[in-house]
Each structure stands twice: as C-alpha cells, then as structure tokens.
Amino acid sequence: MKTTTEEHPLMFAARAVDRFLFQPSDPTTLGLIRITTGILVLYVHLVYSIGLTDYVGPYAWIGNDVTQFVRKVNEILGPSYNWKDGWWESDSEIFKGYPTMWSIYYHVEDPKWVWVIHSSILLIMLLFTLGLWTRVTSVLTWIGSLMYLHRLMQPGMLFGMDTMTNLGLFYLMLSPCGAALSLDRWLQVRRERRRLGAQYVPQPPPPMVSATFATRLFQINFCLIYFAAGTSKLMGTSWWNGTAPNGFLLNYSFAPFDVPAYVKFLKMLVAHRWIWELFGTVGVVSTLFLELGFPFLVWNRYTRWLMVSGSILFHTLIALLMGLVTFSLMMMVLVLAFVPPEAVQQMVQSWVSWLQQLALKRTREAGAPVALSR
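Residues numbered from 1 in each chain as written. Predicted model: local features only at pLDDT ≥ 70, side-chain atom pairs only at ≥ 80, totals over all residues. Heavy atoms only, no water.

(A) Seen up close, the packing of aromatic side chains. Within this structure, the stated rule accounts for 19 aromatic pairs. Each ring, one from Phe22 and one from Phe213, has its centre 5.9 Å from the other, and the planes form 5 degrees; the classification is stacked. Residue Phe22 is found in helix α1 (residues 9-22), and its partner Phe213 is found in helix α10 (residues 209-233); the two are separated by 191 residues along the sequence. The class for Phe22 is partly exposed, based on a relative accessible area of 37%. Centre to centre, the rings of Phe257 and Tyr262 are 5.7 Å apart; their planes meet at 90 degrees, and the pair counts as edge-to-face. Of the residues examined, Phe257 reaches a relative accessible area of 25% and is grouped as partly exposed. Relative accessible area serves as the criterion here: at 7%, Tyr262 is assigned to the buried category. Of the aromatic side chains, those joined through ring pairs into one cluster are Phe20, Phe222, Tyr226, Phe294, Trp299 and Phe338. The ring of Phe20 carries the charged tip of Arg216 above its face, separated from the ring centre by 4.2 Å. (Phe/Tyr/Trp six-rings, centres within 6.5 Å; stacked < 30°, edge-to-face > 60°. Helix = DSSP H or I, 4+ residues; strand = E, 2+ residues; numbered from the N terminus. Buried < 20%, exposed > 50% of the residue type's maximum accessible area, 1.4 Å probe, protein only. Lys NZ or Arg CZ within 6 Å of the ring centre and 35° of its normal.)

(B) Region of interest: unusual backbone geometry. A positive phi angle is found at Trp133, which is not glycine, with a value near 50 degrees. Structurally, Trp133 can be placed in the loop between α6 (111-130) and α7 (134-152). One non-glycine residue, Leu181, lies in positive phi territory at about 55 degrees. In this structure, Leu181 sits in the loop between α8 (160-173) and α9 (183-196).

(C) Just empty space enclosed by the protein, in detail. One pass over the structure, following the stated rule, counts 1 cavity of 30 Å³ or more. Taken as a whole, the largest cavity holds about 110 Å³ of empty space. Val44, His45, Ser145, Asp162 and Thr165 are the residues nearest the centre of the largest cavity, which is lined by 13 residues in total. Listed by contribution, the elements that provide at least two residues to the lining of the largest cavity are α2 (28-47), α7 and α8. Considering only residue class, the lining of the largest cavity consists of 9 nonpolar, 3 polar and 1 charged. (1 Å grid on protein atoms, 1.4 Å probe; cavity = no way out; pocket = protein on both sides within 12 Å on 5 of 7 lines; lining within 4 Å. Points joined across faces, edges and corners; volume = space filled by probe spheres on them. Nonpolar A, V, L, I, M, F, W, Y, C, P; charged D, E, K, R; others polar.)

(D) How the structure looks around a nonpolar patch on the surface. A cluster of nonpolar residues, Phe227, Phe289, Phe296, Leu297, Trp305 and Leu306, forms a patch on the protein surface that exposes about 630 Å² of accessible area. Mapped by element, the contributors of at least two residues to the nonpolar patch are α14 (273-297) and α15 (304-322). Take the nonpolar patch: its biggest share by element is 3 residues, from α14. Considering the arrangement of structural elements, one finds Phe227 in helix α10. Relative accessible area serves as the criterion here: at 36%, Phe227 is assigned to the partly exposed category. (Patch = residues over 30% accessible without salt bridge, like charges linked within 9 Å, V, L, I, M, F, W, Y side chains within 5 Å. Areas by Shrake-Rupley, 256 points an atom, 1.4 Å probe, with all protein chains shown as cover. Salt bridge = Lys/Arg side-chain N within 4 Å of Asp/Glu carboxyl O.)

(E) View of α9. Here α9 spans 20 Å end to end across 14 residues, near enough to the 20 Å set by a 1.5 Å rise per residue. For α9, the set of buried residues is Asp184, Arg185 and Val189. With its buried residues spanning 135 degrees around the axis, α9 presents them on a single face. Set apart from the buried face of α9 by more than 90 degrees, the exposed residues are Arg191 and Arg194. Contacts from the buried residues of α9 go to α7. (Expected span 1.5 Å × (residues − 1). Arc of directions from axis to C-beta. Contact = heavy atoms within 4.5 Å.)

(F) Here's a closer look at α7. With 19 residues, α7 extends 26 Å between its outermost C-alpha atoms, agreeing within 8% with the 27 Å of an ideal straight helix rising 1.5 Å per residue. Burial analysis of α7 places 14 of its 19 residues in the buried class, which makes it a mostly covered element.

(G) Molecular detail of the pattern of salt bridges. Applying the stated criterion across every chain yields a total of 3 salt bridges. A salt bridge links Arg273 to Glu277; the nearest nitrogen and oxygen atoms lie 2.7 Å apart. Separated by 4 residues within a single helix, Arg273 and Glu277 lie in helix α14, roughly one turn from each other. The class for Arg273 is exposed, based on a relative accessible area of 60%.

Below is the structure:
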C-alpha cells in the first residue's frame, strides 16, 4: 500500500484559517489606529459644542417629537422572503419604528444636564485617544458616539463618515488598542521599572491573538466596503460611458468652485474635448480598478503597497474635489490596518529620535549664552 505524508486538504485549510485569524501579532498598528480615530472622533464631537442645543435639547432642529415618531410609529417595509416580483404587495412584513435606536438625549433635555453629559463624553473620548483605561474608555467612547449618531442622524440623514467612525470604534472596542502607544502602556512600564529597578529593560508589547483577530476584522470589512462600492458602480451607466466624474466635478454642492485654480482647470478641460474624455476615462478605470482590485491584490505583499497608496491618493482626491474631508480621513485611518506593525514602530522611533534631537538642540542653544558669559 502506498503511504503519503501529505496533509489532508481540510486540515491544511484549518491551519491556514488559524494562522490568518489567530496567530499572535504586535498591537502597535492598532495603537496608531486608536490615536488617529480618537482625534477624528474628538474633533467631530467638539464641533457639536458650537450650537449644541440646536442639535439636542428642547429647541433642537429635529425635536424629540419627531424622533419618537421615527423610533416607535413610523412604518417600515420588511425584507422579502422570496425572489418573486411584487413581493412588497404580497408577503412583505410591516414593522413599526427602530426599536434598537437609543440615546440619552431622547430623555434628557435640560440644557445644563445636556452640557454636563456632552462634556463628560468629550472627556472620555480624550482619555480614549490618549490610551488611558482603554478597556473601559473604548467601550464608553463607542456608546457615546452612537448616542449622538442615533439622536442627530435619523434614517435618511446618515452619512458615510458616521458609518465609518462607528465601524472603527466598534472594532477598536474589541481590540487591545491600548497595549501600545498609550498611557496604559507607559504606566505599565513605569510600574515594572519601579518594581525591578535599574535592571528592568522595557520590551515591546507582546504579540496577542486578539490583536490579529481585530486587525483582520478591520481588513476584511474594508475590503467588503470597497468591493460593494465597486460592484454598485457597475450598475450605473455613467461608469460604463466614462461620464461618472462629471457628477462631482460639476456639482456645486461638493466641488470647490470658490477656488479660482479649480475653475481654471475645468475651463481647460472643456476647451479640449479629448482631454476631457481622457480625464473621465482614466478616472473611471482607476476608480473601478482600485475598488474591485483592492480586496484581491491587497493580500499579496508585492502589490499591497500599490493598493494602500492608491487608497490614500483616492481619498485625498475625494477630500479635495468633494469636500468630504472627515470621511476621507476616516477611510485613511481604516486602511492603516494593512500597515505592518514593524513599519509603525520604525515610524514612531524616527519621530522620537527627531524630537530628542530637537530638544537637545534647544537645550544647547539655551545654554550657549550662559557659557559665553562665564
């Protein structure tokens, strides 16, 4: 009988899944994602402070009478249970309201308490950004952000930035994002140094299974977002005939028509038909290539840099041409999940070295006059 030492295909697949999802990895990249996400979340909610009572409270633009109707009375057509035509007339179920929506601002309308709650949430978000008590502040930050999202962004008013922010905070809540680049980590090193004395040598944070699992969640969800965006574009005729860029280049609500250089650029395009056609074709093809190719090419180490760089460039153009700055920044934060921890550590070390050299230079410059006077 012929014997073989080859591994069974199912066992090979199981080991591959185990390596992909559960092999311990460095949490440094998650620490960087926590910092950048925290800065964006803190900025967005600080902006709410300008006219806070216009958003929540008894005199808000969308009053609680409207929110109560949306949450409890408004009828919603449920999903179909088959693929037949006219399903909405036969077997669709009618639901009332959104019972899963909740916010403390549904119940608190006193302006004084609104400001107390708002200030407390801002403080929690600041602590989360700094990485202090991260296991607790990450959960509270997600809940706090969700309360504003549910109160301010009623169905039909939800924007991409809110969705991406909620997505990032949710996965960070499940991750060890405070294990690196945080005050939690600094306090841990400080305690160990006090306990062991001069013999203690700080070590990088240990590899963690939870770090790998959370990073994969970020990566897989980002790929799904791009794939859904790319396939949905294929359903529109403008993405087949190359005129899709006109939708944002000539949209006065988004495009920067107040910038003279941009208007001059558009006039140059329309003055030369072939340049306009070439610009539209390149824009369509490159966008579809990025969104449809990203979920497949980003996993290869030789093409990953191309996909990540393309994503950053893509969202930079969205920020400049459509004014969706916070959305673009949040998408750039999410794509950081594909940056190896080693690269983040090298970047942080270069920043630390630069700051140390700058501080040393300032110290020498400050001490120079004293030496001359002596």
